[in-house]
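# An overview of the molecular structure
Listed here are the chains, written in short residue letters.
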Amino acid sequence: MAKIYQIYGQDAHEMTVKLLEASDAIRLVPSGGSVALKPNLVIAGTPESGSTTHAGVLSGCISYFRDHGVEDISVIEGSWVGDETMRAMRRAGYDQVCRKYGVPFYDLKKDQTRPVQTAIGKIDVCCRALDAGLLVDLPVLKGHCQTVMTCALKNLKGCLPDREKRRFHAMGLQKPIAALGAALKPRLIVVDSICGDLDFEEGGTPVQTNRMYLGTDAVQLDAYGLSLMGLMPEEVPYVGLCEQFGGGKASWTEDDLVLLNEPSEAAPYPRRSGTVVSLTRNVHENQACSACFASLVRALYTTRLGQKEDIYIGQGWKGQKLDGLGIGKCCRGAETCVMGCPPTAEKVAQALQEIR
Ligand code: SF4
């Protein structure tokens with residue numbers, strides 16, 4: 001089974017370099033081949049709003065591949081229908097990164113396309129994505145109002161011309177996203193899960209998770225993302241469909257996770273939207289790590305359970321007897337505890353449903 005490398009923190013550049021080094025990502029670049037970085041710039045939104053990939057992910061990739069002798073590096077992306085890619089790249093701070101490192105940015109809305117045979121027929125794909133020696137998929141793990149979750153597989157939709165993006169919607173999104181993922185099959189994916197929005201791909205309600213992870217199987221990473229967000233596989237059918245189409249393996253186990261640091265090294269949960277405040281009104285938080293708190297928020301959000309029970313979370317509760325539900329190993333003194341460090345949102349959601 002492919003490994004998933006994971007790191008906690010807030011410095012996207014440094015986290016990206018460490019992930020690439022730990023996984024020895026340079027081995028994936030063909031000799032003398034080019035690298036095309038494909039971030040998520042769905043709209044002209046800041047990464048802090050939970051919509052777009054942090055600029056530090058790009059600079060981290062560029063630094064790493066440059067240091068390993070790769071000369072031909074570019075950034076490629078096409079925003080969603082209705083927004084201008086170049087406006088979006090400036091809003092996300094990519095213009096500064098590209099200028100600093102002398103790396104070209106290509107708007108895929110203006111690129112040439114070629115038809116690619118997929119499990120559901122031919123799909124027109126932008127040539128710069130097809131011709132890259134290594135296509136590096138740099139999605140944000142976040143919610144989506146139609147597909148519930150968007151991450152590694154759905155990010156590839158930005159490699160299409162606008163007419164094909166519209167056709168995907170007409171076909172119901174699930175099958176075409178799966179077919180595109182199986183056809184492109186990116187061999188390196190670095191997921192920005194620092195502060196993805198819970199339910200809208202265009203951002204606005206970011207949830208600070210302070211986490212990034214890297215892998216070589218987009219299906220596996222999306223399956224892991226489902227678990228982190230507390231979602232059931234049937235809620236996001238394109239992941240299983242892509243596996244059926246030969247895009248990768250959806251299964252993962254704890255043994256597949258390579259943790260580069262502890263979540264307690266991440267910064268505390270810094271910002272709470274009105275939604276988060278409302279969801280967590282009965283939560284007793286005491287020095288909770290951001291990843292732990294985000295698992296709880298995601299679980300409360302996805303289960304939509306009106307919460308009456310007292311819930312305890314955070315390192316400040318270590319060694320104490322707690323009258324309610326404990327989240328994470330720090331709260332093992334609670335009547336019922338969801339173990340893990342941090343537990344996934346999936347595990348927390350199960351516990352919330354059981355105490356109803
Ligand atoms: S269980 Fe404790 S140390 Fe682990 S992530 Fe949660 S708060 Fe942090």
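Each remark here, short or long, concerns the structure printed above.
Let us look at the sheet that holds strand S2 (residues 35-39). Sheet architecture is open: eight strands sit in the order S4-S3-S2-S7-S10-S11-S1-S12, paired in mixed fashion. Where the open sheet ends on each side, the last strands, each with one partner, are strand S4 (105-107) and strand S12 (257-259). Looking at each pair of strands side by side, their axes are set apart by 20 degrees on average, direction ignored. In this sheet, strand S7 (residues 134-138) lies alongside S2 in parallel orientation, the contact comprising five bridges. Counted as the bridge partner of Val 35 is Leu 134 from S7. Lying on the sheet, helix H1 (residues 12-23) is in contact with strand S1 (4-8), strand S10 (188-193) and strand S11 (211-215); it crosses S11 at an angle near 30 degrees. Contacting S1, S10, S11 and S12, helix H9 (residues 218-228) crosses the sheet at an angle of about 155 degrees to S11.

According to the stated counting rule, one finds four aromatic pairs in the structure shown. When the ring of Tyr 213 is compared with that of Tyr 224, the centres are 5.1 Å apart and the planes differ by 85 degrees; the resulting orientation is edge-to-face. Within this pair, whereas Tyr 213 is found in strand S11, its partner Tyr 224 is found in helix H9, the two being separated by 11 residues in sequence. By the burial criterion, Tyr 213 is buried, and Tyr 224 matches it. The structure contains a cluster of three or more aromatic residues connected by ring pairs, namely Tyr 213, Tyr 224 and Trp 252. Directly above the ring of Tyr 106 sits Arg 128, whose terminal nitrogen or CZ lies 3.4 Å from the centroid.

What follows covers the site of the ligand. In the region of the ligand, the neighbouring residues are Pro 263, Cys 289, Cys 292, Gly 314, Gln 315, Gly 328, Lys 329, Cys 330, Gly 340, Cys 341 and Pro 342. Of the residues in the shell around the ligand, the class split is six nonpolar, four polar and one charged.

What follows concerns the pairing of strand S3 (residues 73-77). Of all five residues in S3, five are buried, a share of seventy percent or more. Bridge count for S2 against S3 is three bridges, and the pairing is parallel. Each bridged residue has a counterpart across the sheet, and for Val 35 the counterpart in S3 is Ile 73. A crossover links S2 with its parallel partner S3, the connecting element being helix H2 (residues 55-67), and its sense is right-handed. Sheet analysis places S3 next to S4, joined by three bridges and oriented parallel. Bridge assignment links Glu 77 to a residue of S4, and that residue is Asp 107.

As a further point, take the pattern of salt bridges. By the definition in use, this model includes 11 salt bridges. Among the salt bridges present, the one from Glu 164 reaches Arg 167, with a minimum N-O distance of 2.5 Å. Taken together, the positions of Glu 164 and Arg 167, both in helix H7 (residues 162-170) and three residues apart, correspond to about one turn of that helix. Judged by relative accessible area, Glu 164 falls into the buried class, the value being 6%. Taking relative accessible area as the criterion, Arg 167 reaches 35% and is therefore assigned partly exposed. One network of salt bridges, with partners in common, ties together Lys 109, Asp 162 and Lys 165.

Turning next to the nonpolar core. It is characteristic of soluble globular proteins that their nonpolar side chains tend to be buried jointly. Ranked by size, the top nonpolar core spans 46 residues in total, and within it Val 125, Leu 141, Met 149, Leu 180, Tyr 213 and Tyr 238 carry the most contacts. Contributing elements (two or more residues each) for this core: strand S6 (121-126), helix H6 (152-155), helix H8 (174-184), S10, H9 and helix H10 (237-244). Element by element, the count of residues in this core is highest for H9, at seven residues. Excluding anything up to four places from it in sequence, Leu 180 contacts Ile 123, Val 125, Leu 156, Lys 157, Leu 160, Phe 168 and Lys 185.

The rules behind the values
- Residues numbered from 1 in each chain as written.
- Predicted model: local features only at pLDDT ≥ 70, side-chain atom pairs only at ≥ 80, totals over all residues.
- Heavy atoms only, no water.
- Pairing = 2+ DSSP bridges.
- Helix = DSSP H or I, 4+ residues; strand = E, 2+ residues; numbered from the N terminus.
- Axes fitted to C-alpha atoms, helices over the stretch in contact; angles between N-to-C directions.
- Contact = heavy atoms within 4.5 Å.
- Phe/Tyr/Trp six-rings, centres within 6.5 Å; stacked < 30°, edge-to-face > 60°.
- Buried < 20%, exposed > 50% of the residue type's maximum accessible area, 1.4 Å probe, protein only.
- Lys NZ or Arg CZ within 6 Å of the ring centre and 35° of its normal.
- Near = heavy atom within 4 Å.
- Nonpolar A, V, L, I, M, F, W, Y, C, P; charged D, E, K, R; others polar.
- Right-handed = clockwise from strand over helix to strand, strands pointing away.
- Salt bridge = Lys/Arg side-chain N within 4 Å of Asp/Glu carboxyl O.
- Core = buried A, V, L, I, M, F, W, Y, C linked by side-chain atoms within 4.5 Å.

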